[in-house]
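What follows is each chain in one-letter form.
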2 protein chains.
Amino acid sequence: MSELRKDPVTGRWVIISVERGKRPTDFVSPSSQRKKGGFCPFCPGNEYTTPPEILAFRPPDTKPNSPGWGLRVMPNKFPALQVHGDLNKMGEGVFDMMNGIGAHEVIVETPEHFQSLSTMPLKAVEDVLWAYYFRLSDLKGDERFKYVMIFKNEGEVAGASLEHTHSQLIALPIIPRLVKEEIDASRRYYEFKERCIFCDLINQELEDGRRVIYQNGGYVALAPFASRLPFETWIFPKAHEPHFYPPEEDFSGLADILQKVLRQMDRILDIPPYNFVIHTSILHDEINEYYHWHLELIPKLTKIAGFEWGSGFYINPTPPEEAARFMREAKI
Amino acid sequence: MSELRKDPVTGRWVIISVERGKRPTDFVSPSSQRKKGGFCPFCPGNEYTTPPEILAFRPPDTKPNSPGWGLRVMPNKFPALQVHGDLNKMGEGVFDMMNGIGAHEVIVETPEHFQSLSTMPLKAVEDVLWAYYFRLSDLKGDERFKYVMIFKNEGEVAGASLEHTHSQLIALPIIPRLVKEEIDASRRYYEFKERCIFCDLINQELEDGRRVIYQNGGYVALAPFASRLPFETWIFPKAHEPHFYPPEEDFSGLADILQKVLRQMDRILDIPPYNFVIHTSILHDEINEYYHWHLELIPKLTKIAGFEWGSGFYINPTPPEEAARFMREAKI
């Protein structure tokens, strides 16, 4: 029989539909992300086609916006938000709005067109995480922004308009809804129990083990109890940490777990398109005891996206215990 | 410059991205829902391939589960929830769950394989709405259920696994998250203003006119101010009505507006795949002054579904004022 499960943080219910139980092979193939090549504005030599870089990891003897870099960050050429201007809030009867002030940046993770986070050297994955951290720290200085959302769309089906692997960052004058819900819910739990709900959840999952996908010294990857979608994966630092932050000045543990999990997915789901989003505390809430940053990773497998859009209610055909087992057993 | 807009009910922010402004023709074609035919379990003569019917509109001289019907309702052959059994709630540390008790039904809207809600006779659309209402009323009698969600996925891309046009109904022992949020938010507004927020919104929109797509005596179709996706459309009864209900025993006005809007979409977006969901009050909250039932319709046009999944935050490239204008000007 299928099961209704409630996400302990947001209160979101999902149906885990055992009858429809789907194995990895049921999802594979049409969406495989093998790359085709062709002209690419993110490849070395084409730097002139993008806005000027904001940050780059490159040898000191190379010039900005020229080849030689290992990673490059620039403003999105077609930004959803504009970085210049004052923030103006307006009302119109029942409606509230503000002008679209914000930053929208692109992180080109490697000069190699045919590489991805799952195939590049571990050191390069670490550099990507450092780039996230440097940009986050820089944007924190802008008083107009309340939240920085870092995310990645890999593959056309997952919304990537260019196949050269890259992440994006959006700095916002507001707090996105699901993030706010999570933060509010974790604050309520803290007021009640004086503990971080994510810490409780991590401890319970590490003890139980059925939904643990992978762990190393500092991090754990879980198939969440109330997974919305097949093979949904969350990565947490084991120690309480409200903000996305390098523990002891080192991102090697996070790079390791992120790459491991992506390699497991590539193996069992044949290089699926995917999205990930980093959920971190709001910018000016320096230290808090209730929120625990994490990364939410969702391979884009099912065509549905159907009534879920309208209802916030999900039917997941793959129980997370099975997803975790398939992932653990993947030969990588 | 783009604009951040807040949905007055849920508090959800969206970016209306004017720079990226998309016209209907930018979305058209790969997803056109022209049908291919082939063996179909929903076609007359194949009734033996489905579970037995729960409700059918058929002449008195025809037998159940045989041809002759105009509309047919049966349990979903692959239900997400099971109708038999007691509801058991359980906890496990931080997690809450219950067994998957519920009803999952399919409404086959017409015997004609190549028809759809936008092409069938208006009378047949009315019958579909009556079928929704009859099933809703019947399931209300089951004390285990708190909410009945009626929805439709049209087209493979929108999650329809069979191309013969049909709707679905799920009766749930819980209240879906977005519905609960909407209901809670509208209750808070009522406590503050002693008015229904949807009534206020409808009055403001009718006066303003820019986001009105179509209206008749009893109903209005709007492009919502904080539309999440291009050409998102909401249909409301103009008079306050908490539950999905036929005014004066008549669904002709609702059938008219629903079909008109679908025809407008078919015309300007070349028969797009779409989802709609009926948002109505919870089952046993008989009469209330704060919630106003409505239908939310979203054509499935953009590939993204990207970081929106993880954040609840949307970037919409088509301002609703423009979407409404394109819809109004569609020659149908």
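Residues numbered from 1 in each chain as written. Chains lettered and ligands numbered in written order. Predicted model: local features only at pLDDT ≥ 70, side-chain atom pairs only at ≥ 80, totals over all residues.

A. Region of interest: the interface of chain A and chain B. With 59 residues of chain A at the interface, the matching set in chain B holds 59 residues. With five residues, the single largest contributor to the side of chain A that touches chain B is strand β6 (residues 95–99) of chain A. Taken together, the residues of the side of chain A that touches chain B break down into 32 nonpolar, 15 polar and 12 charged. With four bridges joining them, β6(A) and strand β1 (residues 3–6) of chain B adopt antiparallel strand pairing. Across the sheet, Asn99(A) pairs through a bridge with Glu3(B), a residue of β1(B). (Contact = placed C-beta atoms within 7 Å. Helix = DSSP H or I, 4+ residues; strand = E, 2+ residues; numbered from the N terminus. Nonpolar A, V, L, I, M, F, W, Y, C, P; charged D, E, K, R; others polar. Pairing = 2+ DSSP bridges.)

B. Up close: the packing of helix α1 (residues 122–139) of chain A against helix α4 (residues 252–269) of chain A. Residues and elements named next belong to chain A. In the contact formed by α1 and α4, the axes pass within 9 Å of each other and the chain directions differ by 110 degrees. Comparing the axis directions of α1 and α4 gives the class roughly perpendicular. Crossing of α1 over α4 shows right-handed handedness. Between α1, through Leu122, Val125, Glu126 and Leu129, and α4, the contact on the second element is made entirely by Ser252, Leu254, Ala255, Asp256, Leu258 and Gln259. For the contact of α1 with α4, the class distribution of residues is six nonpolar, two polar and two charged. (Axes fitted to C-alpha atoms, helices over the stretch in contact; angles between N-to-C directions. Parallel < 35°, antiparallel > 145°, perpendicular 65-115°, else oblique. Left-handed = near helix turned anticlockwise from the far one by under 90°.)

C. Here's a closer look at helix α3 (residues 197–208) of chain B. Residues and elements named next belong to chain B. A rise of 1.5 Å per residue sets the reference length of α3, with its 12 residues, at 16 Å; its end C-alpha atoms lie 16 Å apart and thus fit the reference within 8%. Within α3, burial applies to Ile197, Phe198, Leu201, Ile202 and Glu205. Looking straight down α3, one finds that the buried residues subtend no more than 130 degrees of arc, so they occupy a single side. Residues of α3 that are buried make contact with α2 (177–193), β10 (212–215), β11 (219–222), β12 (233–237) and β14 (294–299). Of the residues one or two after α3, Gly209 is the one with positive phi, at around 90 degrees. (Expected span 1.5 Å × (residues − 1). Buried ≥ 20, exposed ≤ 12 C-beta atoms within 10 Å, placed from the backbone. Arc of directions from axis to C-beta.)

D. Focus on the confidence of the model for chain A. In the predicted model, chain A carries a mean pLDDT of 89, and the fraction of residues at 70 or more is 92%. Reported for the predicted complex are a pTM of 0.90 and an ipTM of 0.86. (pLDDT = per-residue confidence, 0-100.)

E. Examining the nonpolar core more closely. In terms of nonpolar packing, the biggest core is built from 179 residues, with Ile235(A), Val261(A), Ile235(B) and Val261(B) touching the most fellow members. For Val261(A), the residues in contact, after removing those within four places along its chain, are Ile213(A), Tyr214(A), Ala221(A), Thr233(A), Ile235(A) and Leu297(A). (Core = buried A, V, L, I, M, F, W, Y, C linked by C-beta atoms within 7 Å.)

F. Focus on the pairing of strand β10 (residues 212–215) of chain A. Residues and elements named next belong to chain A. Pairing geometry for β10 and strand β11 (residues 219–222), over three bridges, is antiparallel. Its bridge partner lying in β11, Val212 is registered against Leu222. The hairpin turn running from β10 into β11, its antiparallel successor, is three residues long.

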